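# Descriptive analysis of the structure
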Amino acid sequence: MRIRSVLATAVTAGTLAVVVAAPAQAAEYSSSLKIKGVQYDAPGRDSNNCRTGNSKSEYVTIKNYSRTATVNLKGYVVRDTTTTNKFTFRSNHYLEPGDYVTLRGGHGTDSDAKNVVYRQNCNFIWNNDKDTVYLYKPTGAHADTHAYTKSRDDRDGNGYISFHG
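The following refers to the structure shown. (Residues numbered from 1 in each chain as written. Predicted model: local features only at pLDDT ≥ 70, side-chain atom pairs only at ≥ 80, totals over all residues. Heavy atoms only, no water.)

## Description of the packing of aromatic side chains
- Throughout the structure, instances matching the rule amount to four aromatic pairs.
- Measuring from centroid to centroid gives 4.8 Å for Tyr-40 and Tyr-148, while their planes differ by 35 degrees, and the two rings are tilted. Of this pair, Tyr-40 sits in the loop between strand 1 (33-39) and strand 2 (59-64) while Tyr-148 sits in strand 10 (residues 142-149), placing them 108 residues apart in sequence.
- In this structure Tyr-148 comes out as buried when scored by relative accessible area, which is 1%.
- Judged by centre distance (6.0 Å) and plane angle (15 degrees), the rings of Tyr-134 and Tyr-136 are stacked. Each member of the pair, Tyr-134 together with Tyr-136, is buried. (Phe/Tyr/Trp six-rings, centres within 6.5 Å; stacked < 30°, edge-to-face > 60°. Helix = DSSP H or I, 4+ residues; strand = E, 2+ residues; numbered from the N terminus. Buried < 20%, exposed > 50% of the residue type's maximum accessible area, 1.4 Å probe, protein only.)

So, in structure tokens, the structure goes:
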């Protein structure tokens, strides 16, 4: 009953405001590139030793959801909540419609054929309890953002969370 009174008053005054709230973990931006999922907790005991560690097992998958446009990842930025943990795609890496790339920690050889890019850094980027994954366009505009918490989003406890199908 109270909502109707407020709405009637606003309409009578000649003003109607519509507010739509979306949860932070599901914010949508105008980009065909989306964060498909994140392996935020690499299997095994965390070790960022470049020779024997498991930072390669921590990754984020980015997918081109466009039906027609090919997107070059050069200049796109992936980062977490802090500004110090980030990666910028420095080379051309083209994603055809429906294609994806897996951005892994550790050192390795980037491969278009295997859809993989390495951060060339053995430090972990994602927190194991909660974090936010940001994807920015080369212009600095948001492409996609997702927040996660282990307790809320990782129901099977495997360290992987899927955001877009």
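Continuing now.
## Things to note about the sheet that holds strand 9 (residues 130-136)
- Taken in spatial order, the four strands of this open sheet run 5-4-9-10, and their pairing is antiparallel. Each edge of the open sheet is held by one strand with a lone partner, namely strand 5 (86-88) and strand 10. Across the sheet, the axes of successive neighbouring strands diverge by a mean angle of 10 degrees, strand direction being ignored.
- Relative to strand 10, strand 9 runs antiparallel, the two sharing seven bridges. Directly across from Leu-135, in strand 10, lies its bridge partner Asp-144. (Pairing = 2+ DSSP bridges. Axes fitted to C-alpha atoms, helices over the stretch in contact; angles between N-to-C directions.)

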